[in-house]
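Here is how the chains run, residue by residue.
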Amino acid sequence: MKKIEDLKIFLKLVDGWLSFHEGFFLYKASVEVSKLNRGEIVEIGSWLGKSTICLAIGSGKSVVYAVDPHKGEFSKGNGLGKSAPTFKEFVSNLKKANVNEKVVPIVKTSEDAAKKWNKKIKLLFIDGLHDIKHAREDYDLWSKFLIKDGIIALHDAFCGHVGPEKVVLESFLASAFYKEIGVVGSIIYAKKGKPNLWEKLNLFRTKKLIKLALILNKKEFRFKFFLIHRIFKLLLINKYTSSNMLKRI
């Protein structure tokens, strides 16, 4: 219970674009993969550490590799926003959450960090710049390290930014390498592995719903938000969004 209370505190305290719902998913996914006996936890894009803290709280004995150049660049609409460099505040937030010893900052761009990366990955959270070039680059550079039963997740991919959406359409939904796909807030995640018959049926349904939601999001019509973010989210309920999380959809 203390870990959940810590999540609530730091999701409110630390600035960023991660909802409680999404932060809770990262925590639960981190707890889940901590049971795997190999692989690392990696996030691409840390900003001020909100997602990093969620991952670290649930990571058990695993560390979190946090990749971010900390230049203060962020996606803003279809362009790029700019703030002050973020590394100092990032480290300060990790210390306040008492997880700084569980985090290995890699202060580089995703591209530069990938050049020397040679470890397997069990949880990959991609939340870098959201234009098509960078979203595609992040996925291509890092997803190849994902192990069987590992989880990959893209922020702002469900009716969010064009880059993550395109990666989902071209890679997640078109891939035969994932046995589970789901939506949590604006996050779309996938678990690597060969699906059984039940998983194939669920995948077919989930892929159709996500694809339809992304298509409808490009159109303008009455009750669009209600349809996509209420009705579709209800149809896409999964293990991370059920029970006590249902009220937060």
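Further up the page is the structure itself.
Small disclaimer: the values here were computed from a predicted structure and weren't measured.

Rules used in this analysis
Residues numbered from 1 in each chain as written. Predicted model: local features only at pLDDT ≥ 70, side-chain atom pairs only at ≥ 80, totals over all residues. Heavy atoms only, no water. Helix = DSSP H or I, 4+ residues; strand = E, 2+ residues; numbered from the N terminus. Rg over C-alpha atoms; globule rule 2.2 N^0.38 Å. Contact = heavy atoms within 4.5 Å. Buried < 20%, exposed > 50% of the residue type's maximum accessible area, 1.4 Å probe, protein only. Polar contact = N/O pair within 3.5 Å; in protein donor to acceptor, adjacent residues only side chain to side chain. Pairing = 2+ DSSP bridges. Axes fitted to C-alpha atoms, helices over the stretch in contact; angles between N-to-C directions. Phe/Tyr/Trp six-rings, centres within 6.5 Å; stacked < 30°, edge-to-face > 60°. Salt bridge = Lys/Arg side-chain N within 4 Å of Asp/Glu carboxyl O. Parallel < 35°, antiparallel > 145°, perpendicular 65-115°, else oblique. Nonpolar A, V, L, I, M, F, W, Y, C, P; charged D, E, K, R; others polar. Patch = residues over 30% accessible without salt bridge, like charges linked within 9 Å, V, L, I, M, F, W, Y side chains within 5 Å. Areas by Shrake-Rupley, 256 points an atom, 1.4 Å probe, with all protein chains shown as cover.

Asker: Any chance you could explain the overall build of the protein here in plain terms?
Answerer: When you go through the protein residue by residue, the secondary structure sums to nine helices and nine strands. On C-alpha atoms alone, the protein measures out to a radius of gyration of 17 Å, which is about the 18 Å that the 2.2 N^0.38 rule sets for 249 residues. Here the C-alpha coordinates of the protein stretch approximately 45 × 40 × 40 Å along the principal axes. Nonlocal contacts in the protein, meaning residues at least 24 apart in sequence, comprise 70% of its contacts between residues at least 6 apart.

Asker: Help me out: how do you make sense of the side chain of H155 in this one?
Answerer: The residue H155 is located in the loop between strand 7 (146-154) and helix 7 (162-172) in this model. Judged by its relative accessible area of 1%, H155 falls in the buried class. Of note is the side chain of H155, whose polar atom sits 3.1 Å from the side chain of D127. Here the side chain of H155 touches S186 through a polar contact of 3.4 Å, side chain to side chain. When sequence neighbours within four positions are dropped, the list of residues in contact with H155 reads W17, L18, E22, F125, I126, D127, H130, P164, S186 and I187.

Asker: Hey, could you run me through the sheet that holds strand 9 (residues 187-192) in this one?
Answerer: Two strands in a sheet stick together by hydrogen bonds in their backbones, pointing the same way (parallel) or opposite ways (antiparallel). An order of 5-2-1-6-7-9-8 is seen for the seven strands of this open sheet, with the pairing classed as mixed. In this open sheet, the two edge strands, each paired with only one partner strand, are strand 5 (103-106) and strand 8 (178-184). With strand direction ignored, the average angle separating the axes of adjacent strands in the sheet is 15°. Note that strand 1 (residues 40-44) and strand 6 (residues 121-126) share five bridges and pair parallel. The residue of strand 6 that forms the bridge with I41 is L123. Its contacts with the sheet place helix 6 (residues 132-142) against strand 1, strand 2 (64-67), strand 6, strand 7 and strand 8, and it is angled at close to 175° to strand 6.

Asker: Whenever I open this one, the packing of aromatic side chains confuses me. Can you help?
Answerer: The relation between two aromatic rings is expressed through the spacing of the ring centres and the mutual angle of the planes. Counted according to the given criterion, the structure contains 14 aromatic pairs. When the centroid spacing of 6.2 Å and the interplanar angle of 50° are considered together, the rings of F24 and Y27 count as tilted. In this pair, F24 and Y27 both sit in helix 2 (residues 20-33), three residues apart, roughly one turn of the helix. For the pair formed by F24 and Y27, the shared burial category is buried. Taken together, a centroid distance of 6.2 Å and an interplanar angle of 35° make the contact between F87 and F90 tilted. Separated by three residues within a single helix, F87 and F90 lie in helix 4 (residues 87-96), roughly one turn from each other. Relative accessible area serves as the criterion here: at 34%, F87 is assigned to the partly exposed category. An aromatic cluster is defined as three or more aromatic residues linked by ring pairs; in this entry it consists of Y65, W117, W142 and F145.

Asker: For this particular structure, what's the right way to read the pattern of salt bridges?
Answerer: Any two side chains of opposite charge can pair, given that their charged atoms come close. Tallied over the full model, the rule gives 13 salt bridges. For D149, the salt bridge identified is with K148, shortest N-O distance 3.4 Å. In this structure, K166 and E170 form a salt bridge, with 2.8 Å as the shortest nitrogen-oxygen distance. You can see K166 and its partner E170 sitting in helix 7, four residues apart, about one turn around the helix. Looking at E170, the relative accessible area reads 42%, which means it is partly exposed. The structure contains a network of salt bridges with shared partners spanning E32, E180, K191 and K239.

Asker: Explain the packing of helix 1 (residues 2-13) against helix 3 (residues 50-58) here, please?
Answerer: Packed helices, taken two at a time, are described by their axes: the angle between them and the distance between them. Viewed as axis vectors pointing N to C, helix 1 and helix 3 meet at an angle of 175°, and their least axial separation amounts to 10 Å. With respect to helix 3, the axis of helix 1 lies roughly antiparallel. For the pair formed by helix 1 and helix 3, the contact residues are K3, D6, L7, F10 and L11 on the first element and K50, I53, C54 and I57 on the second. Here the residues of the contact of helix 1 with helix 3 are counted per class, giving six nonpolar, no polar and three charged.

Asker: Help me understand a nonpolar patch on the surface, please; the structure alone is not making it clear to me.
Answerer: Together, F223, F226, I231, L234, L235 and I237 make up an exposed nonpolar region whose accessible area comes to about 560 Å². With respect to the element layout, L234 can be found in helix 9 (residues 224-235).

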